[in-house]
Each structure stands twice: as structure tokens, then as C-alpha cells.
Amino acid sequence: MTSKVLLTGATGFIGKRLLYKLDENGHQVRCLVRPPEKLTLPRPLSHEPEIFYGDLLKPETLKEALSGMDAAYYLVHSMGGRSIRQTHAFEEKDRAAAKNFLSAADSVGLSRMFYLGGLGDVSDNLSHHLSSRQEVGRILQSGRVKTTVLRAAVIVGAGGAAFEIIRYLVERLPVMLCPKWVYTMSQPIAIDDVLAYLAGCLENPQTSGLSLDIGGPQIVSYADLMRMYAKVRGLKRLIIGIPFVSPRLSAYWVNLITPVPAGIVFPLAEGLRNKAICRENRIRELIPARLLSMEQAICNALAEEEEGPGKLLSRQSCFLPEIESR
Ligand SMILES: NC(=O)c1ccc[n+]([C@@H]2O[C@H](COP(=O)([O-])OP(=O)(O)OC[C@H]3O[C@@H](n4cnc5c(N)ncnc54)[C@H](OP(=O)(O)O)[C@@H]3O)[C@@H](O)[C@H]2O)c1
């Protein structure tokens, strides 16, 4: 059935891809964007989306955008900025943005909403970034609208900030001296699988109001993920763990090597100490999908034309067929 859907974050890594997926599935999409000219579409869509100016920090811009919609996707965060001083400014903004959006959604009687946040256990002394993502989920579930919260670790796809950091480090450094957090375990997931789950939630009313963990088929450390990237690219890389490097020091170092903005690198690096593994897998029954391996997800990212926050060209050689035949 066709739904009218408001998509926030349509200029972002996940939002832009979801726009194509929702269009493919026959839904009518209205995009909420700050500067409308920032929404550039790499390929034509079957139906032109409606474009609405809106800023989650300007409550007066939200009600009209939400009017007449069956559902909304909340794919927004406030991390960013080049300056290291800006690295903690996101929490207050994200709290305000979620409250503004929920209030507007409740006032127009929106029935369903979908939010993608982060994995991580509250008992694990969560980083500012991960606690803030969970707080946003709690706010969005506290109103009358039925909000589905999906929680993911690193999403592997061209242009994803966390994936681009891994890509730059492995591409640029033959020997990596990494903090011990590089051995923290997590359950990354391919962007295609995230899109299947996000779009699938709209089709499946049983997901309404639930919090669901989503993860790929492998539980790996960040060091494993970097080794997988190197293997898929046919690169020889040495990763050495150094116990005394703090997350802040490693963030300075990552900031020097990669062009991903400091305002994103610092909060993400701080979160490397937190395990990001699914506590439950109900999503696999609610929305059955054949999950991609991380090697395949990396290869797909290398085959894309998309540019990420670092603007590295995505298209690079991939040696996956050789790896699979071994
Ligand atoms: N990427 C990952 O690996 C990953 C992993 C787990 C969870 N997630 C979650 O997925 C969601 C989307 O992340 P992403 O990677 O797609 O982020 P992204 O590429 O940085 O995009 C963020 C989007 O938020 C928009 N935005 C920020 N502040 C806004 C405001 N005040 N009003 C309206 N729009 C605003 C941005 O618009 P502008 O273009 O105008 O700045 C942009 O479209 C987030 O909730 C994130 O926590 C991502």
C-alpha cells in the first residue's frame, strides 16, 4: 500500500539512499531539508519527491511539513563542525530537535515514526554520542505517535562517517598503532540491509512502537573490520594495539589522517570503547532479509560512486572474488 512519508535527513548518508528505496517501493516521499539546494539527486526517481524547507531546531517549520503524512523517518543528528571545540555541542541540539519534532508530530496526529539510533548498553558507561542517540530514541517514544527505534553499530557503505574513517586509515597507513579500543567488539551492518529494515518497518505494522537491534551476520572488532577492508582491497596492513593511547589522543590522530570533520571524529572515537552488539534479533523474524557479509558490504561500498564526508572517490579495486574462491 502506498504511504505518504516525511523523510528527514534526506541529504545525509542514510536518508538519501532511503529516498530511493521508498520511491522504488511506491511510496510518496516529502523531504524535509534545511537548504533545499543541498538535496542533489544522483539518479532520477520514479516520482519527484516534494521538497519542504524545515529545520528541527526551528519548531515553526515542522507542523506544515508533517501535515497529511502517514509516517515519518527521523534520520538526523547534530554532530559536525571543523572545530574541536564544537565536538560536544551536539547533545543539547539533538535533545531539542527530538522534542520539537515529537511535539509537531503529536500535534498533527501522526501515527508512525521510525528512528535509527546506536547500539550500546547503558550499563557500559556509554560515550556522549551513544547516550545522546539513546536519549533521542526515548524522547521520540514518549509521545502519542508510535515510534519504532532501530539500533545499529557501524553501517558499512560509501559515505558513512564511521566507514570512511576506517577506509582512510587503512588506505593511508601501512602500519597502524591503535588504541586498545580497536579490539572492542561490534556488529557492523551493510547499508543495503539497514535500508531493507528501515523500509520494511513501514510495511510491517507489527514493528510499531518497538525498539529493535539490527546487526550484520558477523561480530568483529574494529581491528578485524580494518583487516577485512585491507584484504578486500588487496593491501598488506599491520595493526598494533597500544594500551596507553586515550580516545581523545586517538581522535586527534584520526583527525590528522582523515578529512572527516573533527566534530564527527571526536564523538565517534570516544564511543569506540563501548561494545555495540545486538542484545536480541527479533528484527530477523519481523523482516526476513539475507544479510550481507562485511566483506561483501565493503566491496559494494568500493563499487559505488557516492562521496562521503571526506570526499574520497569510492570506486576502487576490490578483490572479493579471489577471497571467496579461497
Ligand atoms: N552512519 C552510521 O554508521 C550510523 C550508524 C548507526 C546509526 N546511525 C544513525 O543514522 C542516522 C542518520 O545518520 P547519517 O549517517 O545518515 O548522518 P549524516 O549523513 O551526517 O546526515 C545527517 C542528516 O541530518 C540532517 N540534519 C542535521 N541537523 C538538522 C536539523 N537541525 N534539521 C534538519 N535536518 C538536520 C543533515 O542535514 P544537512 O545536510 O542540512 O546538514 C543530514 O541530512 C543518525 O540518527 C545516526 O545516529 C548512523
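Above this note sits the structure.
The rules we used
Residues numbered from 1 in each chain as written. Predicted model: local features only at pLDDT ≥ 70, side-chain atom pairs only at ≥ 80, totals over all residues. Heavy atoms only, no water. Helix = DSSP H or I, 4+ residues; strand = E, 2+ residues; numbered from the N terminus. Rg over C-alpha atoms; globule rule 2.2 N^0.38 Å. Buried < 20%, exposed > 50% of the residue type's maximum accessible area, 1.4 Å probe, protein only. Contact = heavy atoms within 4.5 Å. Areas by Shrake-Rupley, 256 points an atom, 1.4 Å probe, with all protein chains shown as cover. Lys, Arg positive; Asp, Glu negative; His and termini not counted. Charge placed at Lys NZ, Arg CZ, Asp CG, Glu CD. Salt bridge = Lys/Arg side-chain N within 4 Å of Asp/Glu carboxyl O. Polar contact = N/O pair within 3.5 Å; in protein donor to acceptor, adjacent residues only side chain to side chain. Phe/Tyr/Trp six-rings, centres within 6.5 Å; stacked < 30°, edge-to-face > 60°. Core = buried A, V, L, I, M, F, W, Y, C linked by side-chain atoms within 4.5 Å.

### As for the overall build of the protein chain
- Counting its regular elements, the protein chain contains 12 helices and 13 strands.
- Its C-alpha atoms give the protein chain a radius of gyration of 19 Å, near enough to 20 Å, the size a compact globule of 326 residues would have.
- Each principal axis of the C-alpha distribution contributes one length, and for the protein chain these read about 55 × 45 × 40 Å.
- In the protein chain, which comprises 326 residues, the proportion classed as buried is 56%.
- Taking contacts inside the protein chain between residues at least 6 apart in sequence as the whole, the part at least 24 apart equals 79%.
- A total of about 14,600 Å² of accessible surface is found on the protein chain, and carbon and sulfur atoms cover 54% of it.
- If you average the places of the 39 positive and of the 33 negative side-chain charges in the protein chain, the two averages end up 5 Å apart.

### Some points on the side chain of Asp 106
- Along the chain, Asp 106 falls in helix α3 (residues 90-107).
- No salt bridge is formed by the buried Asp 106; the nearest opposite charge belongs to Arg 144, separated by 4.6 Å.
- Within the local environment of Asp 106, its side chain forms a polar contact with the backbone nitrogen of Arg 144, the two atoms lying 3.0 Å apart.
- For Asp 106, the side chain forms a polar contact with the main-chain nitrogen of Val 145, separated by 3.0 Å.
- Beyond its immediate chain neighbours, meaning those up to four positions away, Asp 106 contacts Gly 143, Arg 144 and Val 145.

### Considering the packing of aromatic side chains
- Overall, the coordinates contain 5 aromatic pairs when judged by the stated rule.
- Ring geometry for Tyr 74 versus Phe 101: centroids 5.4 Å apart, planes at 65 degrees, classification edge-to-face. One end of the pair, Tyr 74, is in strand β4 (residues 71-74); the other, Phe 101, is in helix α3, with 27 residues separating them in the sequence.
- Residue classification places Phe 101 among the buried positions, given a relative accessible area of 0%.

### Details of the nonpolar core
- Formed by 41 residues in total, the largest nonpolar core has its most connected members in Val 156, Leu 169, Val 170, Met 176, Met 226, Val 265 and Ile 298.
- Elements with a contribution of two residues or more to this core: α5 (161-172), β8 (175-179), α7 (222-233), α8 (247-257), α9 (262-270) and α11 (294-303).
- When residues of this core are assigned to their parent elements, the largest contribution, 8 residues, is made by α7.
- Setting aside its immediate chain neighbours within four residues, Leu 169 contacts Met 176, Met 226, Trp 253, Val 254, Ile 257 and Thr 258.
- If you look at the next biggest cluster of nonpolar residues, it comprises 37 residues, including Leu 19, Leu 22, Leu 39 and Ile 189.

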